[in-house]
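Results of the structural survey
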Amino acid sequence: MPSEDFREEQLNSGATQLSEWVPQIFYDVIGRVIPGAILLLMSFYILRDCPFFVYYQPFLYVQQISHFLLFIIGILVSYFVGIVLGAIGYCISGNEDKIEVDDINFDSVDFNDKSAKLSYIYDVIQHMAPKAGARLAKLSAERNMCRVFIAGFIILIIINIWNCIIVRRSPWGTILLLILCIASARLFLKHLVIRSRWLMRNYWHILGKPVPGNQNTGKSDKTAKK
């Protein structure tokens, strides 16, 4: 029979592995799958009366395919849409999605690349403060979700105009709604960038501004230099 200490060690090990995987799964679900699925459903609604879509619509309801398989296919397609639109949205958002950390001084460490500095801060917080790292992962997922929505809504506007020309229907109601959605996503993105920036700054100072090569990563830069 395994001892109580061994059981507790196994449980702690399993919990640690689960805590490492949860932020990654959380990021994929919130940042890619959910917005991808919402945009797919909205595209189906916009194209509901398109002759091409109506003609091929019966093929979407094949009786031989199980509901579970359709669910898996939907998840995979939504994930793919989220990845592609996330990259497009990152290019569209430009400087609005940049978390500036220029005012964080590393003293003895020189990072010429701003993205390397940001990545280092993120990794240190993830390692030293897992709960704060989980919050950063959540905020990062939500920022990616906003980027996916911004790119997706722009594409839906184009699809809606094309569809309305075919079916001879006014596109302005849907266009105005999608523009409102884009504006909301951009505002929420700016809010998330501010939240992420202050969270990284606050925890960086709480942790004592650790620098690479410092064995006691809880020390401050000045202490490390001494």
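These numbers come from a predicted model, not from an experiment.

A few points about unusual backbone geometry
Located in the positive-phi region is arginine 168, a residue other than glycine, with phi close to 60°. Inspection of the secondary structure assignment puts arginine 168 in the loop between α5 (130–167) and α6 (172–206). The class for arginine 168 is exposed, based on a relative accessible area of 80%.

Some thoughts on α5
The periodicity of an α-helix, 3.6 residues per turn, causes residues three or four positions apart to be oriented the same way. In this model, α5 (38 residues) spans 53 Å end to end at C-alpha, consistent with the 56 Å of a helix rising 1.5 Å per residue. Positioned one or two residues after α5, arginine 168 has a phi angle of 60°, which is positive.

Digging into the pattern of salt bridges
All told, the structure shown has three salt bridges when counted by the stated rule. The salt bridge involving aspartate 28 is made with arginine 32; its shortest N-O contact spans 2.8 Å. Taken as a pair, aspartate 28 and arginine 32 lie in helix α1 (residues 4–46) at a separation of four residues, close to a single helical turn. Between aspartate 49 and arginine 169 there is a salt bridge, with its nearest N and O atoms 2.2 Å apart. With aspartate 49 in the loop between α1 and α2 (51–56) and arginine 169 in the loop between α5 and α6, this residue pair connects regions lying 120 residues apart in the sequence. On the basis of relative accessibility, which here comes to 28%, the residue arginine 169 falls in the partly exposed class.

Definitions and cut-offs
- Residues numbered from 1 in each chain as written.
- Predicted model: local features only at pLDDT ≥ 70, side-chain atom pairs only at ≥ 80, totals over all residues.
- Heavy atoms only, no water.
- Helix = DSSP H or I, 4+ residues; strand = E, 2+ residues; numbered from the N terminus.
- Buried < 20%, exposed > 50% of the residue type's maximum accessible area, 1.4 Å probe, protein only.
- Expected span 1.5 Å × (residues − 1).
- Salt bridge = Lys/Arg side-chain N within 4 Å of Asp/Glu carboxyl O.

All quantities given are derived from atomic positions and should not be read as evidence of function.
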